[in-house]
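The primary structure of each chain is shown beneath.
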Amino acid sequence: MASFTATAGIDRHRFAGKADDVLYFQFDAYANAGDDFTGGRGTDTIQIRSSMVAPAPGGGGFVATDEVYDFTGITFRSFERLSFYPMARMDMPGGVTLTSDQFGKGLISDRMELVGSDFSSTDVQAVTVNLAAGNSGFSAAGWRFATYAIGTLPVRWTSGQDEIRLIGSAGNNRITGSSQSDLIDGGAGVDTAHYAGETAHITVRLAGTQPSLLKIAGGNADTLVSIENVTAGAGDDRLTGDTRSNRLSGGAGDDTLSGRGARDVLAGGDGDDRLTGGAGADAFVFSAGHGRDTITDFNATGPRHDVLRLDDSLFTTRAEALAAATQQGADVVIRTSVAGDLVILSNTDLHDLSLADFLIV
């Protein structure tokens, strides 16, 4: 194993060979834009060794501090681990800021291992990733979280105590959190919190620029801020929008989607879903294999009527879709060409439907 300690100047260092190498940062002033580090072929670590101490003003030893390491503008090649190194009998607060374009093939691994210090309840670390400018995406789903010990000191990332912050740009972002509790802040633009790989039930009620809690059954909870769209996975999800235009996608499972206002796009996905658009002119998305969707408040008339957005594998024309609609009691039922796939418009009169209520895509 080889090691290198960053300095106050501009550093350029390349580790050679296959060893598991360590790049040390002692103080936040030693992280400088323009630094260039290459880890080599082993499992290589970026290690924060002293977030809890800094040189005392005027000399005379060190004082406790909460240092934040800004790694923006630093090139990291072939690093697989980010570690906060615990020190005996000392808390280790502090944080690291990175950007999404520092991750990927040949850079910091998309499957980065995070190692935190867990000496006490005030031992809080934070990792912030700022997304690249424009319409960009980032996924922390592959991040791994180690639990072991250095001597007698506990080493682990503590969900709910330590913080992972994924911050969107001014563009339209798609952000996937980690397996821990994350803060996902979309910022400006129209942003999506992406949970398509999640199998447990998801519950969320969006709240615009105010924090809202997304709960994952049997797991962690993420805090969402300025998120307009949510894509869920295979669980029986309950997704509720806010007063803005939202796109809520339930994925597989029996989902309940509610728009609450503005112009929403609601897609139940596979399973038997219950969709409520709210006050705005909404689009309800239905594709082959989506099962049985019930729309509770379809508005078929007026200048702000709702729309059924149907896949062209089900119907080739709007007239064909309208012809498939029948009145059954107080509801309209639209049977598709796929067995088991149907749409129910609750408390809707068939005579109120027109070609304008359908969109074939």
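Residues numbered from 1 in each chain as written. Predicted model: local features only at pLDDT ≥ 70, side-chain atom pairs only at ≥ 80, totals over all residues. Heavy atoms only, no water.

1. Quick notes on the sheet that holds strand β9 (residues 75–77)
What links the strands of a sheet is backbone hydrogen bonding, and the strands pair in either a parallel or an antiparallel sense.
Point 1. On the basis of which strands lie adjacent, the open sheet formed by three strands has the order β2-β4-β9 and parallel pairing. Looking at strand neighbours, the two that pair on one side only are β2 (12–14) and β9, the edges of this open sheet. Here the strands of the sheet are splayed against their neighbours by 5° on average, with no regard to which way each runs.
Point 2. Summarising the sheet, β2 and strand β4 (residues 36–38) pair through three bridges and their orientation is parallel. (Pairing = 2+ DSSP bridges. Helix = DSSP H or I, 4+ residues; strand = E, 2+ residues; numbered from the N terminus. Axes fitted to C-alpha atoms, helices over the stretch in contact; angles between N-to-C directions.)

2. Remarks on the pattern of salt bridges
Point 1. Across all of its chains, the model carries six salt bridges by this definition.
Point 2. In this structure, D36 engages R77 in a salt bridge whose closest nitrogen and oxygen atoms are separated by 2.6 Å. With D36 in strand β4 and R77 in strand β9, the pair connects residues that are 41 residues apart, well separated along the chain.
Point 3. Classification of R77 as partly exposed rests on a relative accessible area of 33%.
Point 4. Note that E113 and R144 form a salt bridge whose closest N and O atoms lie 4.0 Å from each other. Of this pair, E113 sits in strand β12 (residues 108–115) while R144 is found in strand β15 (residues 144–145), placing the two residues 31 residues apart along the sequence.
Point 5. Judged by its relative accessible area of 34%, R144 is partly exposed. (Salt bridge = Lys/Arg side-chain N within 4 Å of Asp/Glu carboxyl O. Buried < 20%, exposed > 50% of the residue type's maximum accessible area, 1.4 Å probe, protein only.)

3. Description of empty space enclosed by the protein
Point 1. For the structure shown, the criterion picks out one cavity of 30 Å³ or more.
Point 2. Estimated volume of the largest cavity: approximately 30 Å³.
Point 3. In terms of lining residues, the largest cavity is bounded by L275, F284, V285, F286, D293, I295, L308 and V343.
Point 4. Ranked by the residues each element gives to the lining of the largest cavity, the list is headed by strand β31 (residues 283–286), at three residues. (1 Å grid on protein atoms, 1.4 Å probe; cavity = no way out; pocket = protein on both sides within 12 Å on 5 of 7 lines; lining within 4 Å. Points joined across faces, edges and corners; volume = space filled by probe spheres on them.)

4. Quick word on the nonpolar core
Most often, soluble globular proteins have nonpolar side chains that are buried together.
Point 1. Core analysis: the largest hydrophobic core is formed by 67 residues, its most contacted members being F25, F71, F76, W143, L224, V230 and L308.
Point 2. Once residues within four sequence positions are removed from consideration, V230 is found in contact with A193, Y195, V204, L206, L214, L224, L239, R247, L248 and S249. (Core = buried A, V, L, I, M, F, W, Y, C linked by side-chain atoms within 4.5 Å. Contact = heavy atoms within 4.5 Å.)

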